[in-house]
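Here are the chains, one letter per residue:
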Amino acid sequence: MLFKLSGSLIVIAISFAYGLFCSKKDKFHLEDLREFKKFFLILTSEITYSNTPLYQIFLDIAEKTGDITSLMCKNAAYEIINNQTSAELIFKKAFLDIFNFTYLDSEDKKYFLSFSKILKSDDKNQIISNIKTIISYIENKEQEVINKSLNNMKMYKSLGVLGGLLIAVILI
Amino acid sequence: MDISIVFRIAAVGILVAVLNQVLIRAGREEQAMLTTLAGLVVVLFWVIGYISELFETVRALFSL
């Protein structure tokens, strides 16, 4: 009996913890989106007001942003310095390397990868207008995630506990 | 028949009903229906043996 009881408690605790984690997922997604918004805003101002080379811009951004975007910028900058391949491929590779460590979804991935194609262009204004489109996408997505998270947070917490109890009752 | 099965079915019923309400309020009607169905299947799985036993008893009683 004690064995069954402790087993049930473990199942409920794990289920509750998983529910808590799921309820925080939207928050982590929001943090990542804000981090990338910061990256694109700094990039826009750097492109607009300075004539520094791309690797230097990436290194500057790496110092001003959080862990994930900082790592991406550092990787991209070192790739530009060492391999000197196209900026498109370098950004794509740097983004895909860090993508699995983020909470971004496939739609975000599609938009951010589309940014790498813009880097091919020599037209400064075109690059800036495209970055502004991505920033407006991020702002819309932020709002969408905020609305969704309010609803989901309570649901996942309740589902965690109830799911755990249900599993315990079925298996006991 | 083990009487504990009645309490287990009652517990599953209560939990599935609450889960159903939580999911419906979150706007996930499809998942709510799937949860209800899963609960029904689990309970049917438990009682199917007893139902079979009941039919056997009825058949034996009336020599059918």
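Since the structure is predicted, the reported quantities are computational estimates derived from the model, not experimental observations. Throughout, a residue's number is its position along its own chain's written sequence, starting from 1. Whichever chain is written first is A, and whichever ligand is written first is 1; the rest continue in order. The predicted nature of this model means local features are confined to residues of pLDDT at least 70 and side-chain atom pairs, given and counted, to a pLDDT of 80 or more, with totals for whole chains, interfaces and linings taken over all residues. As a rule here, side-chain values cover all heavy atoms of the structure and leave hydrogens and water aside.

Considering the packing of aromatic side chains
Any aromatic ring pair is given by two values, namely how distant the centres are and how the planes are angled relative to each other. Stacked, tilted and edge-to-face are the three classes applied to pairs of Phe, Tyr and Trp rings, where Trp contributes its six-membered ring and a pair requires centres within 6.5 Å; stacked means planes under 30 degrees apart, edge-to-face means over 60, and tilted covers the rest. Inspection of every chain in the model, using the stated rule, returns 12 aromatic pairs over all chains. Seen from their ring centres, tyrosine 18 of chain A and phenylalanine 21 of chain A are 6.4 Å apart, and the 35 degrees between their planes marks the pair as tilted. You can see tyrosine 18 of chain A and its partner phenylalanine 21 of chain A sitting in helix H1 (residues 2-49), 3 residues apart, about one turn around the helix. Think of it in three bands: residues with accessible area under 20% of the maximum for their type are buried, residues over 50% are exposed, and the middle band is partly exposed, with areas taken using a 1.4 Å probe on protein chains only. Among the residues examined, tyrosine 18 of chain A registers a relative accessible area of 52% and is labelled exposed. Consider the rings of phenylalanine 95 of chain A and phenylalanine 112 of chain A, whose centres lie 5.8 Å apart with planes at 85 degrees: the pair is edge-to-face. Taken together, the positions of phenylalanine 95 of chain A in helix H4 (residues 87-99) and phenylalanine 112 of chain A in helix H5 (residues 106-118) put the pair 17 residues apart, joining distant regions of the chain. Residue phenylalanine 95 of chain A is classed as buried on the basis of its relative accessible area of 0%. Relative accessible area serves as the criterion here: at 0%, phenylalanine 112 of chain A is assigned to the buried category. Among the aromatic residues, those joined into a ring-pair cluster are Phe36, Phe39, Phe40, Phe91, Phe95, Phe99 and Phe112 of chain A. Note that lysine 109 of chain A overlies the ring of phenylalanine 99 of chain A, its terminal NZ or CZ placed 5.0 Å from the centroid. Across from the ring centre of tryptophan 46 of chain B, 4.6 Å away, lies the NZ or CZ of arginine 8 of chain B, which sits over that ring. Helical segments are the DSSP runs of H or I of at least four residues, strand segments are the runs of E of at least two, and each set is numbered from the N terminus. The rule for a charge over a ring is simple: NZ of Lys or CZ of Arg within 6 Å of the ring centre, and within 35 degrees of the ring normal.

A word on the side chain of serine 15 of chain A
Residues and elements named next belong to chain A. By the element assignment, serine 15 lies in helix H1. A relative accessible area of 15% places serine 15 in the buried class. The residues contacting serine 15, other than those within four sequence positions of it, are Gly160, Gly163 and Gly164. Residues are treated as being in contact if the distance between any of their heavy atoms lies within 4.5 Å.

Quick notes on the interface of chain B and chain A
Residue-level contacts link 14 residues of chain B with 12 residues of chain A. Buried area: the accessible surface (1.4 Å probe) lost by two parts on joining, summed over both. Summing both sides of the interface, chain B and chain A together bury roughly 1200 Å²; the carbon and sulfur share of this comes to 79%. By the criterion applied in these results, polar contacts are pairs of N or O atoms within 3.5 Å in which, for protein atoms, one can donate a hydrogen and the other can accept it, and in which residues neighboring in sequence qualify only through two side-chain atoms. Summed over the shared surface of chain B and chain A, the number is 1 residue pair in polar contact (both at pLDDT 80 or more). For the side of chain B that touches chain A, the secondary structure elements donating two or more residues are helix H1 (4-25) and helix H2 (29-61) of chain B. The element best represented in the side of chain B that touches chain A is H1 of chain B, accounting for 10 residues.

Points about H5 of chain A
The first and last C-alpha atoms of H5 of chain A sit 19 Å apart over 13 residues, in line with the 18 Å expected at 1.5 Å per residue. Taken as a whole, H5 of chain A has its buried residues at Asp108, Phe112, Leu113, Phe115, Ser116 and Ile118 of chain A. Helix span, as expected, comes to 1.5 Å for every residue beyond the first.

Scope: geometric values only; no functional claims are made or implied.
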